[in-house]
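Fold and contact review
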Amino acid sequence: MKKSVITMAVAATVGLGTVFGGAPVKTAAESISSLKGEQNKIQEKRSTIESELNQANDKISNLQDQQSDVKNEMQRLDLAISDTTVKIKDKTAKVEETKAQIVKLQEEIRVIKERIEKRNVLLKDRARNYQETGGVVNYLDVLMGASSFSDFIDRANAVATIMQADQDILKQHEADKKELVDKQVKVETDLASIEKMLADLETMNQKLNSQKAEKDRLLATLVDQEQEEHDHVMDIQEQESVLASQEIAIQKAIKLEQERQAAAAAAAKASKNTSSSKSSSSGSGSGSSVGATPQVSSSSFTRPTVGPVTSGYGYRTFDSSFHNGIDFGKVTNSDAIVAAADGIVFRSYLSSSYGECIMITSMINGQIYTTVYAHMVSGSRLVHEGDTVKKGQPIGTKGATGEAAGIHLHFELHKGEWNSGKTNKINPAGIIPGV
Ligand SMILES: [Zn+2]
C-alpha cells in the first residue's frame, strides 16, 4: 500500500514523461514502429523454432532406428543364449552319465582285483602247502609214484594242466583288469574334455547374458532419450503456439494503439482536453467464490494477487536455479488472480509446466510488456485468447496445477515479447506495486 502511494507520487512528479524505467514517452510513429519491431522479432523466433522442431523430429527417428538395431541385436543374443543353454543342459547330462560310467568301471575293477587277490592267495597257499607238508598232491610224489612211463606221462600232463590252468586264469584276470583300467583312463579323459566344454559353454553363456544386459541398458537409455526428445518437441510446439497467438495479440495491440492515437488526435483538434479513459477497474466482486482479491493500484501495474512473496526473482540457492518470476503464497484456498495491467490475453491454456496458465500482452507508453500467470485452479480461467482485459480484472484463481508443489501464483513480467529463452524477463519488484 505504502509503496503504491510512492509509485503514484513518483509518476505524478515526473508526469507522463517517464514510466518507472525513466524511458521518455514515444511518439505515435515510434510506438507503432517499435511494435512492428516486436512483431518481426517474433517472426524470426518462429522460424528458428520451426527448424528446431525439424531437428528434434530427425533426432527422434534416428533414436528409433538405433532402438530397432539394438532390438535386433538382442534377438540375436537371445537365440545364442537359448542355443548355449540347450548345449549346457546336454553336456551336464553327459557329465553325469560319464561319472556314473566311471563309478561302474571302478566297481568292476574292484571286483576283478578281489578275484586276482583271492586266486593269488590260493596259489600261494597251495605252493606253501607243497613245500611245507608235501601237500595232498605233491607234484614230485605224483610224478615219482608213477607205475609206468605212460602213467608218468599222464601224471606229468595232469600236473602241467593244473598249473597251466591256474596261470591262465590269473593271466585272464590281469588282462580283464588292464582292460578296465584302460577304459577308466579313457572315460576320465572324456570326462575332462566334456567338463572343459561345459565350462566354456557356461563362460559363453555368461558373456552373452552380460552383452544382453548391456543392450538392455542401451535400449533403456535410447528410450529415455526419445522421451526427452518428444518432451522437447511438445515444448517447442507449445512455444510455437504461444508465439503465434502473441503475434495476433500484438497486431491487435497495434490496432488499438492506432485507434487510441487517432482518437487523441481528433480530441486535440477539437481542442477538448478530456482525458476520459482513466481505468476504472472492477476491483473485487465479480469473481464467484473468490476468497481474497487484491486492491487495485492506480499506477500502470497492480499486484496480481494477495498473499506473501514466497520466492523472489533471481538465482535460488535451494535448487540452484534461476527463478524467472515471483511466487505469491496463498491467503485463502481460492485467492483471486487479476490482470496486472490493461492488455490483450494471448494465451489461456493448460501447459505441462505452467499448469493452467494465462499470458497477457500489455502496451504501456508504447512499450510491450508480457505478464504470465501460472498454476491456476483447474477450470478457473475467466478470460480467453483475444480478450481485452483491464488492470485489476479477475482472470482466475490461485492453484497448484502444472509443476507446482503447493498453492501459489507464479508470476512473470517480461519487458517486450515472451520468448522461449525468456530473454526479456525482468524483476517485477519495484515495478509491481507492493512487491
Ligand atoms: Zn515460481
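All of these numbers come straight from a predicted model, not from anything done at the bench.

Per the secondary structure count, the protein chain includes 4 helices and 12 strands. Accessible surface, the protein chain as shown: approximately 24800 Å² in total, 55% of it carbon and sulfur.

Our focus in this paragraph is unusual backbone geometry. What is expected of a backbone is that most residues other than glycine have negative phi and most peptide bonds are trans. One non-glycine residue, His375, lies in the positive phi region at around 70 degrees. Structurally, His375 is set in strand 8 (residues 367–376). With a phi close to 50 degrees, Lys422 is a non-glycine residue in the positive phi region. Mapped onto the elements of the fold, Lys422 is located in the loop between strand 11 (409–415) and strand 12 (425–426).

With that settled, consider the nonpolar core. In terms of nonpolar packing, the biggest core is built from 23 residues, with Phe301, Ile358, Ile360, Tyr373, Ile395 and Phe411 touching the most fellow members. Contacts of Ile395, omitting those with residues within four sequence positions, involve Ile337, Val338, Ala339, Ile358, Ile360, Tyr373, Met376, Ser380, Arg381, Leu382, Val383 and Val389.

Relative to the assigned elements, Phe322 resides in strand 3 (residues 321–323). Residue Phe322 is classed as partly exposed on the basis of its relative accessible area, which comes to 41%. Residues in contact with Phe322, not counting those within four places in the same chain, are Tyr313, Gly314, Tyr315 and Lys425.

Once that is clear, we can look at the coordination of the zinc ion. Working reference: metal with six octahedral donors, ideal angles 90 or 180 degrees; metal with four tetrahedral donors, ideal angle 109.5 degrees. Binding of the zinc ion to the protein goes through His323 (NE2), Asp327 (OD) and His410 (ND1), at separations of 2.0 to 2.2 Å. If you list the donors of the zinc ion from N- to C-terminus, the spacing comes out as H-x3-D-x82-H. With His323 in strand 3 and His410 in strand 11, the pair connects residues that are 87 residues apart, well separated along the chain. Accessibility classification places His323 together with His410 in one group, the buried group.

This part is about the side chain of Thr361. Locating Thr361 in the fold gives a position in strand 7 (residues 355–364). Taking the relative accessible area as the measure of exposure, Thr361 reaches 2% and is therefore buried.

This paragraph deals with the packing of aromatic side chains. Inspection of every chain in the model, using the stated rule, returns 4 aromatic pairs. Taking 5.3 Å as the distance between ring centres and 90 degrees as the angle between the ring planes, the aromatic pair formed by Tyr313 and Phe322 counts as edge-to-face. One aromatic cluster is present, formed by Phe328, Tyr373 and Phe411 through successive ring pairs. One cation-aromatic arrangement involves Arg347 over Tyr349; the distance from NZ or CZ to the ring centre is 4.1 Å.

With respect to burial, strand 8 is a largely interior element, 10 of its 10 residues being buried. Examined bridge by bridge, strand 7 and strand 8 share 8 bridges and lie antiparallel to one another. Opposite Thr361, over in strand 8, you have Thr370 as the bridge partner. From the end of strand 7 to the start of strand 8, which pair antiparallel, there are 2 residues, and Asn365 there has a positive phi angle of about 55 degrees. With 6 bridges joining them, strand 8 and strand 11 adopt antiparallel strand pairing. Paired with Val372 across the strands is Glu412, a residue of strand 11.

Here the protein chain averages 83 in pLDDT, and 86% of its residues register 70 or above. Overall, residues 1–23 carries pLDDT values under 50, and its contacts beyond four positions in sequence, including any with other chains, amount to 20 contacts. For the stretch residues 275–288, pLDDT sits under 50, and the model shows 13 contacts to residues farther than four places along the chain or on other chains.

Let's shift gears to the pairing of strand 11. The element strand 11 is extensively covered by neighbouring structure, given that 6 of its 7 residues are classed as buried. Direction of pairing for strand 4 (residues 326–328) relative to strand 11: antiparallel, over a ladder of 3 bridges. Each bridged residue has a counterpart across the sheet, and for Phe328 the counterpart in strand 11 is Leu409.

Now for the pattern of salt bridges. A complete count under the given rule lists 18 salt bridges for this structure. A salt bridge links Arg110 to Glu114; the shortest N-O distance between them is 2.7 Å. Note that Arg110 and Glu114 are positioned in helix 2 (residues 28–133) at a spacing of 4 residues, about one turn of the helix. Given a relative accessible area of 40%, Arg110 falls into the partly exposed group. The residue Arg316 makes a salt bridge to Asp327 at a minimum N-O spacing of 3.9 Å. You can see Arg316 sitting in strand 2 (residues 314–316) and its partner Asp327 sitting in strand 4, a full 11 residues away along the chain. There is no split in this pair, since Arg316 and Asp327 are both buried. Taken together, the salt bridges that share partners define one network made up of Arg46, Glu240 and Glu247.

Okay, a negative patch on the surface next. A surface patch of like charges, here negative, comprises Asp224, Glu228, Asp231 and Asp235. In this fold, Asp235 is placed in helix 4 (residues 149–269). Judged by relative accessible area, Asp235 falls into the partly exposed class, the value being 36%.

What counts and what doesn't
- Residues numbered from 1 in each chain as written.
- Predicted model: local features only at pLDDT ≥ 70, side-chain atom pairs only at ≥ 80, totals over all residues.
- Heavy atoms only, no water.
- Helix = DSSP H or I, 4+ residues; strand = E, 2+ residues; numbered from the N terminus.
- Areas by Shrake-Rupley, 256 points an atom, 1.4 Å probe, with all protein chains shown as cover.
- Core = buried A, V, L, I, M, F, W, Y, C linked by side-chain atoms within 4.5 Å.
- Buried < 20%, exposed > 50% of the residue type's maximum accessible area, 1.4 Å probe, protein only.
- Contact = heavy atoms within 4.5 Å.
- Donors = N, O, S within 2.8 Å, 3.2 Å for Na, K, Ca; no water.
- Phe/Tyr/Trp six-rings, centres within 6.5 Å; stacked < 30°, edge-to-face > 60°.
- Lys NZ or Arg CZ within 6 Å of the ring centre and 35° of its normal.
- Pairing = 2+ DSSP bridges.
- pLDDT = per-residue confidence, 0-100.
- Salt bridge = Lys/Arg side-chain N within 4 Å of Asp/Glu carboxyl O.
- Patch = residues over 30% accessible without salt bridge, like charges linked within 9 Å, V, L, I, M, F, W, Y side chains within 5 Å.
- Lys, Arg positive; Asp, Glu negative; His and termini not counted.
- Charge placed at Lys NZ, Arg CZ, Asp CG, Glu CD.

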